[in-house]
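Here is how the chains run, residue by residue.
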Amino acid sequence: MMQKNGQDNMSDDKSIRVKVIEVTRWAPTLLSFKVTRPDGFKFTAGQFVRLGIHGKDLQYFAQNHDAKLITSETQGDEAQGHEAQGHEAQDKPIDLDGYVFRPYSVASSPYDEFIEFFSVVIPEGEFTSKVNHIQVGDSLLLNTTPFGYLTLARYQLPLPNDLWLLATGTGLAPFLSILKTIDVWQQYQRIILVYSARTSQELAYQAQISSIKSIYGDNGAAFVFLPIVTREADYAGEKARIPNLILSGKLTELVGQKLDKERSHVMLCGNPQMVEDTKEALKSIGLTMNRRGEGNIAVENYW
């Protein structure tokens, strides 16, 4: 996933090693994973970080005796071992040769003791083809500088009333992080999460979403969740694309709330076509891009 948000000069020189502590596979090409959280690492809900991966750090390639990845240098690294906390002492920089870095939105809460990520697998992808094989105990590199502006702090006007979180696929990740904070539930009167996937199997985190208000927002904002499946003929729920629902007015009917220039904050994250089409649909009904703190629509651009 390549960034197009003006933050191209991201140095990974001070990355540190983190350990994979949990892997969840939602579908053949969809997984999430948790890693150890380094001491002092801070981020704002909605931001992303850069992760680095190398086959020599993954058990899968060691178990399959991939000669291209298991080298004498790798064996030397293993002999030295890593700190019990799951990241290396930083008395000397890590050699980044051979590592591939990609941006990943954080899906976990700023309060969690781990860091969670949500990933699609592209078989030919330089990064995700390796992520597909990660196991508990593997290591990744984490650039500990958080990036991105898909955060609630970017909104000044209109004042917070209703918050719309519109996501496709792994674009759900930053919204999970935002929903796992207490502040969002106190700042807004109503929160609407619209999450679109190709198949019902790819609608990840359903149990977590259903309980998220009771954990973080008890006595706070009202919460509406609308799942959408676009490529499953026998799916009983909504099947239309998000921008089509906006243009037809059906989204308002489904969630019981109107998109309003004077009240609505709208965040978009997902595949580029959805983001572009949804931006245009929202602008056609009078909403504006958020710039310098004012306006309704905020986006995060990957790829």
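Residues numbered from 1 in each chain as written. Predicted model: local features only at pLDDT ≥ 70, side-chain atom pairs only at ≥ 80, totals over all residues. Heavy atoms only, no water.

Draft legend 1. Spotlight on the sheet that holds strand 4 (residues 100-105). Spatially, 4-3-6-1-2-5 is the arrangement adopted by the 6 strands of the open sheet, whose pairing is antiparallel. Each edge of the open sheet carries a strand with a single partner, namely strand 4 and strand 5 (114-120). Averaged over all pairs of adjacent strands, the angle between strand axes in this sheet comes to 40 degrees, irrespective of strand direction. Bridge count for strand 1 (residues 16-27) against strand 6 (residues 139-147) is 4 bridges, and the pairing is antiparallel. If you follow Arg17 over to strand 6, its bridge partner there is Leu141. (Pairing = 2+ DSSP bridges. Helix = DSSP H or I, 4+ residues; strand = E, 2+ residues; numbered from the N terminus. Axes fitted to C-alpha atoms, helices over the stretch in contact; angles between N-to-C directions.)

Draft legend 2. Spatial organisation of the nonpolar core. One finds Leu172, Phe175, Ile191 and Met267 to be the most contacted residues of the largest nonpolar core, which totals 36 residues. Counting residues per element, the ones that place at least two in this core are strand 7 (162-168), helix 4 (173-179), helix 5 (183-187), strand 8 (190-197), helix 6 (206-216) and strand 10 (264-269). Examining the composition of this core, we find that 5 residues originate from one element, helix 4, more than from any other. In terms of domain composition, this core takes at least three residues from each of domain 1 (15-65 + 91-147) and domain 2 (152-301). In contact with Phe175, other than residues within four places in its own chain, are Leu150, Leu165, Leu166, Ala167, Leu193, Met267, Leu268 and Cys269. (Core = buried A, V, L, I, M, F, W, Y, C linked by side-chain atoms within 4.5 Å. Buried < 20%, exposed > 50% of the residue type's maximum accessible area, 1.4 Å probe, protein only. Domains from an automatic or database assignment. Contact = heavy atoms within 4.5 Å.)

Draft legend 3. Structural context of the pairing of strand 3 (residues 48-53). The buried fraction of strand 3 amounts to 6 of the 6 residues, a majority that puts the element mostly inside the structure. Side chains Phe48, Arg50 and Gly52 of strand 3 all project onto a buried face; the interleaved residues Val49, Leu51 and Ile53 project onto the opposite face, where all are buried too. When strand 3 meets strand 4, the two strands line up antiparallel, connected through 6 bridges. In the strand pairing of strand 4, Ile53 is matched with Val100.

Draft legend 4. Representation of helix 9 (residues 272-284) within the structure. Helix length check: helix 9 (13 residues) gives 18 Å between terminal C-alpha atoms against 18 Å at 1.5 Å per residue, within 8%. Listed in full, the buried residues belonging to helix 9 are Met274, Val275, Thr278, Lys279, Ala281 and Leu282. Across the axial projection of helix 9, the buried residues extend over an arc of 165 degrees, all falling on one side. Of the surrounding secondary structure, the elements contacted by the buried residues of helix 9 are strand 7, helix 7 (242-248), strand 10 and strand 11 (297-300). Structurally, the start of helix 9 carries an N-cap: the backbone nitrogen of Gln273 is 3.1 Å from a side-chain oxygen of Asn271. (Expected span 1.5 Å × (residues − 1). Arc of directions from axis to C-beta. Polar contact = N/O pair within 3.5 Å; in protein donor to acceptor, adjacent residues only side chain to side chain.)

Draft legend 5. The arrangement of the environment of Pro272 in detail. Examined against the element boundaries, Pro272 turns out to sit in helix 9. Under the relative-accessibility criterion, Pro272 is labelled partly exposed at 43%. Spatially, the C-alpha atom of Pro272 lies 9.6 Å from that of Glu300, the residues being 28 residues apart in sequence.

Draft legend 6. Spotlight on unusual backbone geometry. Of note, the bond from Leu157 into Pro158 is cis; its omega dihedral lies within 30 degrees of zero at 0 degrees. By secondary structure assignment, the location of Pro158 is in the loop between strand 6 and strand 7. Its identity is not glycine, yet Asn219 carries a phi of approximately 70 degrees, on the positive side. Within the secondary structure, Asn219 is located in the loop between helix 6 and strand 9 (222-229). Residue classification places Asn219 among the exposed positions, given a relative accessible area of 74%. Located in the positive-phi region is Arg292, a residue other than glycine, with phi close to 55 degrees.

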